[in-house]
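Observations on the three-dimensional arrangement
What follows is each chain in one-letter form.
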Amino acid sequence: MFGLDLLEIALIGIAAFAAGAVNSVAGGGTFFSFPALLAVGVPPVVANASNSVSLWPGSLAGAWAFRRELKRFSRSLPILSVVAFIGGIAGGLLLLATSNAAFAMLIPWLLLVATVLFAFSAQISALIKKWKPTPAGVDERHIGPGGYLFQLVVSVYGGFFGAGMGILMIAALAIQGFKDVHEINALKNWLSAVIYSVAVCTFVIADAVSWPHTLIMLVTATIGGYWGAAVARKLPAIWLRRFIIAVGGLLTLYYFGKTL
């Protein structure tokens, strides 16, 4: 099938399912799917572009599964979506114009910062509120200018590479004071879908996608994305939080190991 042997099909299919499931729960699915593409011989930049296309429907499936939580952000969601759209385009163009080598050196540091920020988000949020108290009656789901700016940076990063993008988003939202992990997950899934959408268009137009690998991964990643979101909504918040921190820690160790 598509010039691939059964072992290659199984490897990238299972990796994409795991990536879709993990992305819908916490982010970091690229940890599974990107190395799988490299393992079957896809060049790095093409693997990166193909990976983004493969995970795009899974992110949409994850967002759909959290549609109830998304409705609570009707005021902030349009602007956040525009910011994610602009950042996704910028990141996709950056990937096509730049070598991965220099940016790859930054990845473990970005993941480390994101994981630490999320792990201590409650304490950081408390300090921010102490320094700048929230007036009574203000919408708890309000996102300020700093939140939009952080989302722009994360969107550029996501359009360029994507590994740890979900964890960075989760950390930023948690630090702003969002307490409901499922609401944070809903926003993360939707914004990831927006970023993947514009990055996918960029990569397809630039003919940077390996379609034989991508078509297989599209199917399994979509199934994994919906399954992962359905499971995540049933998990106790504390378990989900610990899982997110664990995924962030594993990603950080993996990419630090890649730079040695």
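Going by the structure above, here's the rest.
Residues numbered from 1 in each chain as written. Predicted model: local features only at pLDDT ≥ 70, side-chain atom pairs only at ≥ 80, totals over all residues. Heavy atoms only, no water.

Notes on the overall build of the protein chain
Helix and strand counts for the protein chain come out as 13 helices and zero strands. Element order for the protein chain, N to C, with α for helix and β for strand: α-α-α-α-α-α-α-α-α-α-α-α-α. Taking all 260 residues of the protein chain together, 52% fall into the buried category. In the protein chain, the proportion of contacts linking residues at least 24 apart, taken out of those at least 6 apart, comes to 85%. Here the protein chain has roughly 12,000 Å² of accessible surface; of this, 75% comes from carbon and sulfur atoms. (Helix = DSSP H or I, 4+ residues; strand = E, 2+ residues; numbered from the N terminus. Buried < 20%, exposed > 50% of the residue type's maximum accessible area, 1.4 Å probe, protein only. Contact = heavy atoms within 4.5 Å. Areas by Shrake-Rupley, 256 points an atom, 1.4 Å probe, with all protein chains shown as cover.)

Re the nonpolar core
Core analysis: the biggest nonpolar cluster contains 67 residues, and Ile12, Met165 and Leu187 have the highest contact counts within it. At eleven residues, the largest contribution of residues to this core is made by helix α11 (residues 181-205). Every residue in contact with Ile12, bar those within four places of it in the chain, is listed here: Leu4, Ala36, Leu37, Val40, His213, Ile216, Met217 and Thr220. (Core = buried A, V, L, I, M, F, W, Y, C linked by side-chain atoms within 4.5 Å.)

Section: the packing of aromatic side chains
Counting across every chain of the model gives two aromatic pairs. For the pair Phe17 and Trp227, a centre-to-centre distance of 5.8 Å together with 35 degrees between the ring planes defines the contact as tilted. In this pair, Phe17 is assigned in helix α1 (residues 6-25) and Trp227 in helix α12 (residues 211-234), connecting sequence segments 210 residues apart. A relative accessible area of 49% means that Trp227 is categorised as partly exposed. Ring geometry for Trp109 and Phe256: centres 5.0 Å apart, planes at 85 degrees, overall edge-to-face. Of the two residues, Trp109 sits in helix α7 (residues 107-119) while Phe256 sits in helix α13 (residues 237-259), which places them 147 residues apart along the sequence. The ring of Trp64 is capped by Arg67, whose NZ or CZ atom sits 4.2 Å from the centre of that ring. (Phe/Tyr/Trp six-rings, centres within 6.5 Å; stacked < 30°, edge-to-face > 60°. Lys NZ or Arg CZ within 6 Å of the ring centre and 35° of its normal.)

Thoughts on a nonpolar patch on the surface
On the surface, Val82, Phe85, Ile86, Ile89, Leu93, Leu96, Leu149 and Leu152 cluster together to form a nonpolar patch covering roughly 680 Å² of accessible area. The greatest single-element share of the nonpolar patch, amounting to six residues, is contributed by helix α5 (residues 77-97). Within the fold, Leu149 resides in helix α9 (residues 145-160). Under the relative-accessibility criterion, Leu149 is labelled exposed at 54%. (Patch = residues over 30% accessible without salt bridge, like charges linked within 9 Å, V, L, I, M, F, W, Y side chains within 5 Å. Salt bridge = Lys/Arg side-chain N within 4 Å of Asp/Glu carboxyl O.)

Looking at the pattern of salt bridges
On inspection of all chains with the given rule, the structure shows two salt bridges. For Arg72, the salt bridge goes to Asp180, with nearest N and O atoms at 4.0 Å. Of this pair, Arg72 sits in the loop between α4 (67-70) and α5 while Asp180 is found in the loop between α10 (165-175) and α11, placing the two residues 108 residues apart along the sequence. With relative accessibility at 30%, the residue Asp180 sits in the partly exposed group. Here Glu183 makes a salt bridge to Arg72, at a shortest N to O gap of 2.7 Å. Linking Glu183 in helix α11 with Arg72 in the loop between α4 and α5, this pair joins segments that are 111 residues apart in sequence. For Glu183, a relative accessible area of 6% corresponds to the buried category. Salt bridges here are not isolated pairs; linked through shared partners, they connect Arg72, Asp180 and Glu183.

Don't take any of this as a statement about function, it's just geometry.
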